[in-house]
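Listed below are the residues making up each chain.
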Amino acid sequence: MSTWFPESAVRIRAGRRSDRGNPDGTLPDWSPTAVDRAVLPALNIQPRIQTESTEPDRSPVVTGWRVQGDEGADLDVTARDRIEWRGDLFEVEGDVARWPDPTTGGLHHVEFSIVRVTG
């Protein structure tokens, strides 16, 4: 494991289900037996944002992190996935960026943001 990329996380991808209004199996299914889980190794995860707001009936805290994969490693993650890291569950926020290597044109690295709302 790289010194700069010491973290790992678990990518959680929803399965698919049907119901009376959607018989084609297009609804996401986040039940534990339906999801697909995969380890994302060699990550650099850094704090990105933390906000707290007060509302009459709750005080939500939004915490965001920037996730970067090791050079040359593609990560099987999409904007619709969830990420489990250090015992907490996060949602991928926005698109997943796959940055090209300026000299070879291949993949240089992957990065994306994750966010968790509590409170």
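Quick look at the structure, then.

Conventions used here
- Residues numbered from 1 in each chain as written.
- Predicted model: local features only at pLDDT ≥ 70, side-chain atom pairs only at ≥ 80, totals over all residues.
- Heavy atoms only, no water.
- Salt bridge = Lys/Arg side-chain N within 4 Å of Asp/Glu carboxyl O.
- Helix = DSSP H or I, 4+ residues; strand = E, 2+ residues; numbered from the N terminus.
- Buried < 20%, exposed > 50% of the residue type's maximum accessible area, 1.4 Å probe, protein only.
- Polar contact = N/O pair within 3.5 Å; in protein donor to acceptor, adjacent residues only side chain to side chain.

## Overview of unusual backbone geometry
Although it is not a glycine, alanine 42 adopts a positive phi angle of roughly 55°. Here arginine 86, not a glycine, exhibits a phi torsion of approximately 50°, which is positive.

## Observations concerning the pattern of salt bridges
Considering all chains together, one arrives at 10 salt bridges under this definition. Across the pair arginine 86 and glutamate 7 runs a salt bridge, and its minimum N-O distance is 2.5 Å. A residue pair is termed long-range when its members are at least 10 positions apart, and arginine 86 in the loop between β6 (82-85) and β7 (88-100) and glutamate 7 in strand β1 (residues 7-13) qualify at 79 residues. Accessibility expressed as a relative area gives 61% for arginine 86, which makes it exposed. For arginine 11, the salt bridge identified is with aspartate 76, shortest N-O distance 2.9 Å.

## Some thoughts on the side chain of aspartate 29
By the secondary structure assignment, aspartate 29 is in strand β3 (residues 22-29). Side-chain polar atoms of aspartate 29 contact the side chain of serine 31, separated by 2.7 Å.

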